[in-house]
Amino acid sequence: MSTGPGAHSAPAPTTHDTPEDPVEGTRSIRKSSMFSSLKIRNYRLFFIGQVVSNTGTWMQRIAQDWLVLSLTGSATAVGVTTALQFLPMLLFGLYGGVLVDRLPKRPTLLVTQTAMAVTGLALAFLTITGHVEVWHVYVAAFAVGLATVVDNPARQSFVSEMVGPDQLQNAVSLNSANFQSARMVGPAVAGLLITGVGTGWAFLLNGLSFVAPIAGLLLMRARELHPVRRAPRGKGQLREGLAYVAGRPELVWPIVLVGFIGTFAFNFPVYLSAFADEVFHVGAGTYSLFNTLMAVGSVTGALLAARRGTARLRLLAAAALVFGTVEIVAAVTPSLWLFALLMIPLGLFGMTVNVTANTGIQMATDPAMRGRVMALYMMVFLGGSPVGAPIVGWITDTYGARVGLAAGGAVAAAAAIAIGLILARAGGLRLSVGWNAGHPRVRFVPREEQKEQEEREELAAAA
């Protein structure tokens, strides 16, 4: 069901007051159990559909790349296929958000999910009958990308109608755990199918997997949804959406931060393949192990976020800083197994950044603007890796894998520090460094509290 790098669907409240403290976060959410949002019937149907369809999505990704490589013998052709799948989001992502704000979400999702199912089944027919050509795969990838332009923001907006504001952190985290779990299962199943019966059967199963989310959408109870006001048709709605984001620091700066991290620090296919081949001189099995351990960390991070009861932007900045620091440490690690183990915290803190940014942005957004705002977020997140891959690839080829990974981590850490300070200033906070019970303590405090603390220290020194 999901077609992006993560299942970024999450609810948002119907209120949208701007927070007084952008660093503390957009809104606190009461702490709940790890799987509390699954108690809601409509969301449970949605989640089960994703379990099935996400696995099929990962199967098709592996089979698609393998098929193109088999037909052409060219890694460049594989890159063209990936580019075609992401190109529609880069070109039309914001327009997709405008459409989503105008349209009813459940019928829209029925159309997009059906379109992706038909694409998978058509590719399966062509492959199994032996008539497939590389241009067929190109067309299929572009068609899936077009459907994604509307499907991604529609799914994110629709979850808010299923669960309401209280389950925001829980729902977005469970969706991310769902997608990352499928990331571990789907490629393995695809590998067995490709070697056993051929790539066409992986496409067939992916096409059939959309039956689950489509059935879930049809079985939902409309009376239990939380409908939101749709934006009326009008001119200038795209510019209106951009202006809306630009005027709110709690929206624009998390998007900027995710953009830097997605462009320079999340290009793990480039980094990990280079480390496997050039640094540790191991094969595809170890490269797969790196990805599996990262997926384990991502699932762990998503489940921890599901249990966490808040979505604070200071957590976003802190997680981004730790994520960048771990990348730098991994870059200089001499041991293969220590490097492999560091993939777990990389996945964990990367997912924390993802979930916290997504949650905070949705909570701070007017429901009538949510499609446009989340389309911009997804365009930045999904579009970052294809744009940054050639840059980090050149750095890695020219200066080595260790320098490439360290540079990506440095960009993430620097962006986290800079944007954290910007958000603190916007929230009227100052950095406070002191001691608490014999231990150093670094935190952001209101300017008034900082001033009072300095006055107390001056009086104590004078005494």
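Residues numbered from 1 in each chain as written. Predicted model: local features only at pLDDT ≥ 70, side-chain atom pairs only at ≥ 80, totals over all residues. Heavy atoms only, no water.

(A) Representation of the overall build of the protein chain within the structure. Across its full length, the protein chain carries 16 helices and 4 strands. Residues classed as buried in the protein chain amount to 52% of the 463 residues present. By sequence separation, contacts in the protein chain at least 24 residues apart represent 85% of the contacts at least 6 residues apart. Accessible area of the protein chain: about 19,400 Å², with a carbon and sulfur share of 66%. (Helix = DSSP H or I, 4+ residues; strand = E, 2+ residues; numbered from the N terminus. Buried < 20%, exposed > 50% of the residue type's maximum accessible area, 1.4 Å probe, protein only. Contact = heavy atoms within 4.5 Å. Areas by Shrake-Rupley, 256 points an atom, 1.4 Å probe, with all protein chains shown as cover.)

(B) Expanded view of the pattern of salt bridges. Counting across every chain of the model gives 4 salt bridges. In this structure, the salt-bridge partner of Asp101 is Arg372, at a minimum N-O distance of 2.6 Å. Taken as a pair, Asp101 in helix α2 (residues 75-102) and Arg372 in helix α14 (residues 370-399) lie far apart in primary sequence, 271 residues in all. Residue Asp101 shares its accessibility class with Arg372, and that shared class is buried. Note that Glu240 is salt-bridged to Arg372, the shortest N-O span being 3.3 Å. Taken together, the residues span a long stretch of sequence, with Glu240 in helix α8 (residues 237-246) and Arg372 in helix α14 at a distance of 132 residues. Residue class for Glu240 comes out partly exposed when judged on its relative accessible area of 42%. Salt bridges sharing partners connect three or more residues here, namely Asp101, Glu240 and Arg372. (Salt bridge = Lys/Arg side-chain N within 4 Å of Asp/Glu carboxyl O.)

(C) Geometry of unusual backbone geometry. Residues other than glycine seldom take positive phi values, yet His281 does so here, at roughly 55°. Within the secondary structure, His281 sits in the loop between α10 (268-279) and α11 (284-307). Classification of His281 as exposed rests on a relative accessible area of 63%.

(D) Summary view of the confidence of the model for the protein chain. Put simply, the protein chain has an average pLDDT of 81, and 82% of its residues get 70 or more. No element of the protein chain has a lower mean pLDDT than strand β1 (residues 27-28), at 46, and none a higher one than helix α7 (residues 211-219), at 96. Residue range residues 1-21 is modelled with pLDDT below 50. Its contacts to residues more than four positions away, or to other chains, number 97 contacts. The low-confidence segment residues 25-30, where pLDDT is below 50, has 30 contacts with residues more than four positions distant or belonging to other chains. (pLDDT = per-residue confidence, 0-100.)

(E) Up close: the packing of aromatic side chains. For the coordinates displayed, the defined rule picks out 11 aromatic pairs. Pairing Phe290 with Phe339 gives two aromatic rings, centres 5.1 Å apart and planes at 75°, and the pair type is edge-to-face. On the criterion of sequence distance, the pair formed by Phe290 in helix α11 and Phe339 in helix α13 (residues 336-363) is long-range, its members being 49 residues apart. Taken individually, Phe290 and Phe339 each receive the classification buried, so the pair is uniform in this respect. Arg61 extends its terminal NZ or CZ atom over the ring of Trp58, reaching a point 4.7 Å from the ring centre. (Phe/Tyr/Trp six-rings, centres within 6.5 Å; stacked < 30°, edge-to-face > 60°. Lys NZ or Arg CZ within 6 Å of the ring centre and 35° of its normal.)

(F) Structural detail: the packing of helix α3 (residues 105-128) against α7. Following both chains from N to C, one finds α3 and α7 inclined at 160°, their axes separated by 10 Å at the closest point. Judged by the inter-axis angle, α3 sits roughly antiparallel to α7. α3 and α7 meet at a crossing whose hand is left-handed. Residues Arg106, Leu109, Leu110, Gln113 and Thr114 of α3 form the contact with α7, whose participating residues are Pro213, Ile214, Leu217 and Leu218. (Axes fitted to C-alpha atoms, helices over the stretch in contact; angles between N-to-C directions. Parallel < 35°, antiparallel > 145°, perpendicular 65-115°, else oblique. Left-handed = near helix turned anticlockwise from the far one by under 90°.)

(G) Structural detail: the nonpolar core. Ranked by internal contacts, the top residues of the largest apolar core, which has 54 residues, are Leu257, Ile261, Phe290, Phe339, Met343 and Tyr377. Ranked by the residues each element gives to this core, the list is headed by α14, at 9 residues. Not counting chain neighbours up to four residues away, the residues in contact with Ile261 comprise Phe266, Ala320, Phe323, Val353 and Ala412. Among the nonpolar cores identified, the runner-up in size contains 20 residues, and Phe47, Val149, Met220 and Ala306 belong to it. (Core = buried A, V, L, I, M, F, W, Y, C linked by side-chain atoms within 4.5 Å.)

(H) Geometry of the environment of Val132. Along the polypeptide, Val132 turns up in the loop between α3 and α4 (134-163). A residue is classified by how much of its surface remains accessible, and Val132, at 13% relative accessible area, is buried. Expressed as a C-alpha distance, the spacing of Val132 and Gly200, which sit 68 residues apart in the sequence, is 9.6 Å. Beyond its immediate sequence surroundings of up to four residues, Val132 is in contact with Leu67, Leu71, Leu123, Leu126, Thr127 and Val137.

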